[in-house]
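# Coordinates in review
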Amino acid sequence: MDFREAGKTSLNHVLFECFVLTIVLSSVSSIKVNGPSEINAVRGDDITLPCSFSSSSAATSRMSVDWSFTAQGGSTRQSLFHFSAQAFPPSHGPFKGRINWLGSPSRGEASIQLLNASLADNGTYTCSVKNPPDTHGGPAQIRLTVTPKKVTIRLSEVMVLLLFILLPSAVITLLLLCRMVCPCCPPRGTSAKGQGYHSSIEVTERDVYGYKPPVQKHKTATCCEIIFTDSDDEDDYHLPHAHQKGNDMEESPC
């Protein structure tokens, strides 16, 4: 009977010690790592992958940070970045030269920067921090989604300059073509020059009779006037011409 009581006492004592040890270890050796669950970015952007941690002990030279990457749809985790007193970026692979260390252990920061994001960077990024004696704690996992860059049209200074040069030139060319096809406005002074010119050997009525007969100015019909003139106006337009022609025939000595 005494043996049984002694065994129960010893077992209770062991269980109590294990319970106390578990509480002490959980309060001393735990570290909490935080980060966003998801980040969206556009191809070609520089992306910051945030990671922060809180520890019961101050950060020392023994603190270490490990970043790993699991491709979208894959199951293999590959080492991406390591920090232990100094940064060790990847020396080979697709992330070579594209990882910058942005962390500050004294402030509880363990973030990194991914340069020139591509569609192949889609996946899950895991941040693990250890700060002895705080070595127990879950890592932070960030899911990155990179989408193609939208195509945008921007008018450069050269394009604007060409637009201001080509547009007026096109308008002037169009007006010249219309003028050639339908010369609605004949050049000024053409009839006057034709009527005022005489040959050096030509004898005019002014030389014979000593006066200059009045010259009747006739309106030259353009194509636009002919198109937009009705039948009544056409009769009024041709009557003066016919009357003038009759007068010329009566004054002729022949």
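Here, every reference points to the structure presented above.
Keep in mind that what you see is a predicted model, and the values were worked out from it rather than measured.

### So, the overall build of the protein
- Secondary structure summary: the protein contains six helices and eleven strands in total.
- Sorting the 254 residues of the protein into buried and exposed places 19% on the buried side.
- Taking the contacts inside the protein whose residues are at least 6 apart along the sequence as the reference set, 57% of them involve residues at least 24 apart.
- Accessible area for the protein stands at about 19300 Å²; split by element, carbon and sulfur atoms hold 60% of it.

### A look at the side chain of Ser68
- Looking at where Ser68 falls in the secondary structure, it is placed in strand S5 (residues 64–71).
- The contacts of Ser68, once residues within four sequence positions are left out, are Arg77, Gln78, Ser79, Leu80, Thr124, Tyr125 and Thr126.

### Here we look at the state of the cysteines
- Using the criterion set out here, one finds one disulfide in the structure.
- Here Cys51 pairs with Cys127 through a disulfide, and the sulfurs are 2.1 Å apart. Where Cys51 bonds to Cys127 through sulfur, the torsion about that S-S bond is close to -80 degrees, and the disulfide is left-handed. In this pair, Cys51 sits in the loop between strand S3 (47–49) and strand S4 (52–55) while Cys127 sits in strand S10 (residues 123–130), placing the two residues 76 residues apart along the sequence.

### Some points on the sheet that holds S3
- Taking strand neighbours across the sheet as the criterion, the three strands line up as S3-S9-S8 in an open arrangement whose pairing is antiparallel. Bordering the open sheet on either side are S3 and strand S8 (99–101), each of which pairs with just one other strand. Strand-to-strand twist across the sheet, computed as the mean angle between neighbouring axes with direction ignored, equals 25 degrees.
- Here three bridges tie S8 to strand S9 (residues 112–114), and the two strands are oriented antiparallel to one another. Bridge pairing links Asn100 to Gln113 in S9.

### Comments concerning the environment of Ala87
- Position of Ala87 relative to the elements: it lies in strand S7 (residues 87–88).
- A relative accessible area of 31% means that Ala87 is categorised as partly exposed.
- Apart from residues no more than four positions distant in its own chain, Ala87 is found in contact with Phe81, His82 and Trp101.

### A few points about the nonpolar core
- Among the nonpolar cores identified, the biggest contains 28 residues, and Trp67, Tyr125 and Val129 are the most heavily contacted of them.
- Those elements that provide at least two residues to this core are strand S1 (31–34), strand S2 (38–42), S3, S5, strand S6 (77–83), S9, S10 and strand S11 (140–147).
- Per element, the largest residue contribution to this core is four residues, and it comes from S11.
- Setting aside residues up to four positions removed in sequence, Val129 forms contacts with Ile31, Val33, Cys51, Phe53, Met63, Ser64, Val65 and Ala110.

### Considerations on the pattern of salt bridges
- The final tally for this structure, using the stated rule, is one salt bridge.
- With a shortest N-O distance of 2.4 Å, Arg98 and Asp121 are connected by a salt bridge. Here Arg98, found in the loop between S7 and S8, pairs with Asp121, found in the loop between S9 and S10; they are 23 residues apart in sequence, far enough to count as distant. Like Asp121, Arg98 is buried.

### Points about the sheet that holds S10
- Strand order in the open sheet formed by six strands is S2-S11-S10-S5-S6-S7, with mixed pairing between adjacent strands. In the strand order of this sheet, the two ends are held by S2 and S7, each with one partner.
- Where S5 and S6 come together, six bridges link them in antiparallel fashion. Following the sheet pairing, Thr70 is matched in S6 by Arg77.

### Structural notes on the pairing of S1
- Along S1, the buried face is formed by Ile31 and Val33; none of Lys32 and Asn34, which line the opposite face, is buried.
- Alignment of S1 against S4, held across four bridges, turns out to be antiparallel. Across the sheet, Asn34 pairs through a bridge with Ser52, a residue of S4.

What counts, and where the lines are drawn
Residues numbered from 1 in each chain as written. Predicted model: local features only at pLDDT ≥ 70, side-chain atom pairs only at ≥ 80, totals over all residues. Heavy atoms only, no water. Helix = DSSP H or I, 4+ residues; strand = E, 2+ residues; numbered from the N terminus. Buried < 20%, exposed > 50% of the residue type's maximum accessible area, 1.4 Å probe, protein only. Contact = heavy atoms within 4.5 Å. Areas by Shrake-Rupley, 256 points an atom, 1.4 Å probe, with all protein chains shown as cover. Disulfide = S-S within 2.5 Å. Pairing = 2+ DSSP bridges. Axes fitted to C-alpha atoms, helices over the stretch in contact; angles between N-to-C directions. Core = buried A, V, L, I, M, F, W, Y, C linked by side-chain atoms within 4.5 Å. Salt bridge = Lys/Arg side-chain N within 4 Å of Asp/Glu carboxyl O.

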